[in-house]
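Architecture and fold: a report
Here's the letter readout for the chains.
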Amino acid sequence: MVSAILLLLGAIISYCIFNIVSGLRANIAAAKRSGLPYYVVPIGPWNRIGQILHEIWVPLFKLLPRKYWQDIEPILHLNWQYIENHKLFAKLGTEAFLIVSPGKILCFMENAEALHQITSKREAFPKPTEAYALLGQYGQNVLTLEGAPWRMHRKITSASFNEKNAGLVFKESISQTQGLIKLWLGPSGLGNVTIMTLEQDTASLMLNIIANIGFGLKILWPGQKFPADADPRLEKYATQEPSVGHTMSFVKALAYTLDYLILLLITPKWLLKIIPIKHAKLAVEAESNFVHYMNEFLQEKIEDVKRGNHTEQGLDIMGSLVRTSYGENPAGGSDKTGAQIARLSDSEIIGNAFVNIVAGHESTANILHFALVYLATNPVSQRRLQRDLDSILGDAEPEAWDYDAKINALLGSMVGATINETLRLVPPVVDIPKKVSPTQDQPVTMDGVQYLLPRNAVIGMVTTASQRNPRYWPTKPSKINEGETNIDEFVPERWFQTESTKANNAAVEGADTEDFGGFAGSDTSTQLYHPPRGAFIPFSDGARACLGRRMAIVELVSALAAIFQKYSIELAVDEWANDEKVDGMGEDEKAKVYQRAQEKSRETVKGATSLITLKLHGNKYVPIRLVRRGTERFVGYVDS
């Protein structure tokens, strides 16, 4: 009996070794055919088990002679895309390379020409939906699907992302930003108080905005009240107290669910319920409340549609999805010609509403957070932004700003340049995943040379590399680091270069031609610099580009304009000098202490890491102060 078990065990081990060896040989052969440089590793950098155990296997791998790992050591560690960005590609002397492991071939790419080809051909280079499967646990959605199901979801969900609704987002974002400003000014209304919660505050701001975009809700800031004639349901969900049947308010349930999202997505619910850890129990409670609220919203909106008392006056993505599935004809019904109408199930409505919250909340909040930090760290850029706002908006109160009349001017000003430069340096996703079609190898051309990407290979479009590749971007000598260019620095002025690069913008053979809905315009104003297509892809590009990117840009424009029209943001210098000491300083002394704050701010931002999106995790933060224009202590004259 024992010998039989040992024999079986030996056979299993032999079979596993055979699979590993044969898989590695096949992948090496495919890598050689590609024409790209390749490197062999025991575990792929996107392997989830490998990521969890990288502190164990990486030191073991590095016991091999240095020639096997020294060139690609950075990719063995998490967050290399942001830390190394273009520098690793420059070191390797290539703009694309393959990482070969027994189970997978992974291609990391920064070449704009090739990236444009990849994003232009959805069927040849589909999204690896298996990487997003966890986001489908609340219902299948536009992010987790491919093929015909994705096409249906895309066309249905894209209907809400239009310019009329962008105008509504503009007004709501202004209103919500004014609420945040009032919070920052404090009870005295004077401001100039150190704020250490900038990241959390911008997250709250975007949470309030996304609640309006996603569900038609109006979330209030502390001290605000609804008018007497407001819809009772708005007050029910905007209050900080739990509504009937809940243990948390909607705002808290949503905020905690997003805070603990990774934990909730990767950990079985039964395990979270028995783990004696406070955070685990809070995560379970928040998610339970959130899912209950989502179902309540769904049922209320279904009833509204059935009774015919829905309104078209506000932005409400879930309401729009419900009208598509329940309006006029029953789900699965036909139109007057007998043609089948595409409709979403209840779980798919909730799933799409959920991914819109995830995609639209954290990424936009992070970009606003970094933009404010960058502007506080670079006073010259902040002053130019304020001059542009003075020219475009004058003294008009934010409530009077007209979207159609102002949005293009704002996008073509320092406001748009600031947003673009922030997206260039700290994009929400550091490498956007694609894969090669499983049916056949796919060619890509770089600088006139054709390469063959192996079928089933996974592609990492490294945004942090292509967006810092000096080949594609205007650069000047750095004012901060002697002997270097300013490619890695926040310089929004680079977007005002008048001559844009035209190379690599030719039509791609075999590119998608179908209209999948959503915003079809450029992500960059025609008044600003246009890099080669593929060099600037913070929201991806092509058919699978972010549906809500126009809404995100509008939110950011609104927030920056509302803040900097009347206020400035400065770095807090409390670590080096208190208010009394600063008041006694001359301009030279103030400039020196502010320089220390600038240096620390830059180092802190370099410490950003990527989990779902790129942000400051842990206890990292940059303290700031909001001050009225004309009362600045530093940014009124300090150079960047």
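Residues numbered from 1 in each chain as written. Predicted model: local features only at pLDDT ≥ 70, side-chain atom pairs only at ≥ 80, totals over all residues. Heavy atoms only, no water.

1. As for the overall build of the chain
Secondary structure summary: the chain contains 23 helices and 11 strands in total. A compact globule built from 640 residues would reach a C-alpha radius of gyration of about 26 Å, and the chain, at 26 Å, matches this within 12%. Buried positions account for 53% of the 640 residues belonging to the chain. Counting only contacts in the chain whose residues sit at least 6 apart along the sequence, the fraction spanning at least 24 positions is 74%. Taking the average place of the 66 positive charges on the side chains of the chain and the average place of its 69 negative ones, the gap between the two points comes to 4 Å. (Helix = DSSP H or I, 4+ residues; strand = E, 2+ residues; numbered from the N terminus. Rg over C-alpha atoms; globule rule 2.2 N^0.38 Å. Buried < 20%, exposed > 50% of the residue type's maximum accessible area, 1.4 Å probe, protein only. Contact = heavy atoms within 4.5 Å. Lys, Arg positive; Asp, Glu negative; His and termini not counted. Charge placed at Lys NZ, Arg CZ, Asp CG, Glu CD.)

2. Observations regarding the sheet that holds strand 1 (residues 38-40)
Backbone-to-backbone hydrogen bonds join strands into a sheet, with any given pair of strands oriented parallel or antiparallel. One open sheet holds the 5 strands; their spatial order is 1-2-3-7-4, and the pairing between them is mixed. Single-partner strands in this sheet number two, and they are strand 1 and strand 4 (431-435). Shown here is a sheet whose adjacent strand axes are inclined to one another by a mean of 25 degrees, direction ignored. Taken together, the 4 bridges between strand 3 (residues 105-109) and strand 7 (residues 458-462) define a ladder with parallel strand orientation. Bridge pairing in strand 7 links Cys107 to Ile459. Set on the sheet, helix 6 (residues 112-120) makes contact with strand 3, strand 4 and strand 7; between it and strand 7 the angle comes to about 125 degrees. (Pairing = 2+ DSSP bridges. Axes fitted to C-alpha atoms, helices over the stretch in contact; angles between N-to-C directions.)

3. Overview of the pairing of strand 3
Of all 5 residues that make up strand 3, 5 are buried, and the element is covered over most of its length. Burial along strand 3 is two-sided: Ile105, Cys107 and Met109 and Leu106 and Phe108, pointing in opposite directions, are all buried. Bridging between strand 2 (residues 96-100) and strand 3 involves 5 bridges; their strand directions are antiparallel. When the bridges of strand 3 are listed, Leu98 appears paired with Cys107.

4. Remarks on the packing of aromatic side chains
In the structure shown here, the tally under the stated rule is 24 aromatic pairs. Relative to Trp495, the ring of Trp473 has its centre 5.3 Å away and its plane inclined at 65 degrees; by these criteria the two rings are edge-to-face. Linking Trp473 in the loop between helix 20 (463-466) and helix 21 (549-564) with Trp495 in the loop between helix 20 and helix 21, this pair joins segments that are 22 residues apart in sequence. A cation over an aromatic ring shows up here: Arg384 above the ring of Phe496, its NZ or CZ 4.3 Å from the ring centre. Taking NZ or CZ as reference, Arg424 lies 5.7 Å from the ring centre of Trp473, over its face. (Phe/Tyr/Trp six-rings, centres within 6.5 Å; stacked < 30°, edge-to-face > 60°. Lys NZ or Arg CZ within 6 Å of the ring centre and 35° of its normal.)

5. A word on unusual backbone geometry
Notably, Asp447 is not glycine yet its phi reads approximately 55 degrees, a positive angle. Residue position: Asp447 is located in the loop between strand 5 (442-446) and strand 6 (449-453). Its relative accessible area of 48% is what places Asp447 among the partly exposed residues. Located in the positive-phi region is Ser540, a residue other than glycine, with phi close to 65 degrees. Relative to the helices and strands, Ser540 is located in the loop between helix 20 and helix 21.

6. A look at the packing of helix 11 (residues 250-259) against helix 14 (residues 278-307)
At a minimum axis distance of 8 Å, the contact between helix 11 and helix 14 shows a crossing angle of 125 degrees. The angle between the axes of helix 11 and helix 14 places the two elements in the oblique class. Note on packing geometry: the crossing formed by helix 11 with helix 14 is left-handed. Residue-level contacts link Phe250, Ala253, Leu254, Tyr256 and Thr257 of helix 11 to Leu282, Ala286, Glu287, Asn289, Phe290, Tyr293 and Phe297 of helix 14. Looking at the contact of helix 11 with helix 14, its residues break down into 9 nonpolar, 2 polar and 1 charged. (Parallel < 35°, antiparallel > 145°, perpendicular 65-115°, else oblique. Left-handed = near helix turned anticlockwise from the far one by under 90°. Nonpolar A, V, L, I, M, F, W, Y, C, P; charged D, E, K, R; others polar.)

7. Brief notes about the environment of Leu36
Following the sequence through the fold, Leu36 ends up in the loop between helix 1 (2-34) and strand 1. When the C-alpha positions of Leu36 and Ala96 are compared, they lie 7.0 Å apart, and in sequence the two are 60 residues distant. Residue contacts for Leu36: discarding those within four places in its chain leaves Ala31, Ala96, Leu98, Cys107, Met446, Tyr451 and Leu453.

8. Comments concerning helix 16 (residues 346-377)
Look at helix 16: 47 Å from first C-alpha to last across 32 residues, which is about the 46 Å you get at 1.5 Å a residue. Counted residue by residue, helix 16 has 29 buried out of 32 residues, so it is predominantly covered. (Expected span 1.5 Å × (residues − 1).)

9. Topic: a nonpolar patch on the surface
On the surface, Leu6, Leu9, Ile13, Ile17, Ile20 and Val21 cluster together into a nonpolar patch covering about 560 Å² of accessible area. For Leu6, the position within the fold is in helix 1. On the basis of relative accessibility, which here comes to 53%, the residue Leu6 falls in the exposed class. (Patch = residues over 30% accessible without salt bridge, like charges linked within 9 Å, V, L, I, M, F, W, Y side chains within 5 Å. Areas by Shrake-Rupley, 256 points an atom, 1.4 Å probe, with all protein chains shown as cover. Salt bridge = Lys/Arg side-chain N within 4 Å of Asp/Glu carboxyl O.)

10. Focus: the pairing of strand 7
Across the 5 residues that make up strand 7, a large majority, 5, are buried. Because side chains alternate across strand 7, one face comprises the buried residues Val458, Gly460 and Val462, and the other comprises Ile459 and Met461, equally buried.

11. So, the side chain of Arg494
On the secondary structure map, Arg494 appears in the loop between helix 20 and helix 21. With a relative accessible area of 5%, Arg494 lands in the buried category. A polar contact of 3.0 Å, which involves the side chain of Arg494, links it to the side chain of Glu421. Once residues within four sequence positions are removed from consideration, Arg494 is found in contact with Glu421, Arg424, Pro474, Thr475, Asn486, Ile487, Glu489 and Tyr529. (Polar contact = N/O pair within 3.5 Å; in protein donor to acceptor, adjacent residues only side chain to side chain.)

12. Details of the pattern of salt bridges
Pairing between side chains of opposite charge can happen when the charged atoms of each approach one another. By the definition in use, this model includes 23 salt bridges. In this structure, Glu146 engages Arg544 in a salt bridge whose closest nitrogen and oxygen atoms are separated by 3.1 Å. Residue Glu146 is located in the loop between helix 6 and helix 7 (147-158), and its partner Arg544 is located in the loop between helix 20 and helix 21; the two are separated by 398 residues in the primary sequence. The pair formed by Glu146 and Arg544 is uniform in burial state, with each residue classed as buried. Note that Arg633 is salt-bridged to Asp579, the shortest N-O span being 3.2 Å. Placement of the pair is Arg633 in the segment after strand 11 (624-628) and Asp579 in helix 22 (residues 579-583), with a sequence separation of 54 residues. Taken together, the salt bridges that share partners define one network made up of Asp574, Asp579, Arg625 and Arg633.

13. Comments concerning the environment of His279
Note on placement: His279 falls in helix 14. Between the C-alpha atoms of His279 and Lys236, which are 43 residues apart in sequence, the distance is 27 Å. The contacts of His279, once residues within four sequence positions are left out, are Tyr260 and Leu263.

14. Re the environment of Lys87
With respect to the helices and strands, Lys87 occurs in helix 5 (residues 86-92). Separated by 378 residues in the primary sequence, Lys87 and Ala465 have C-alpha atoms spaced 7.7 Å apart.

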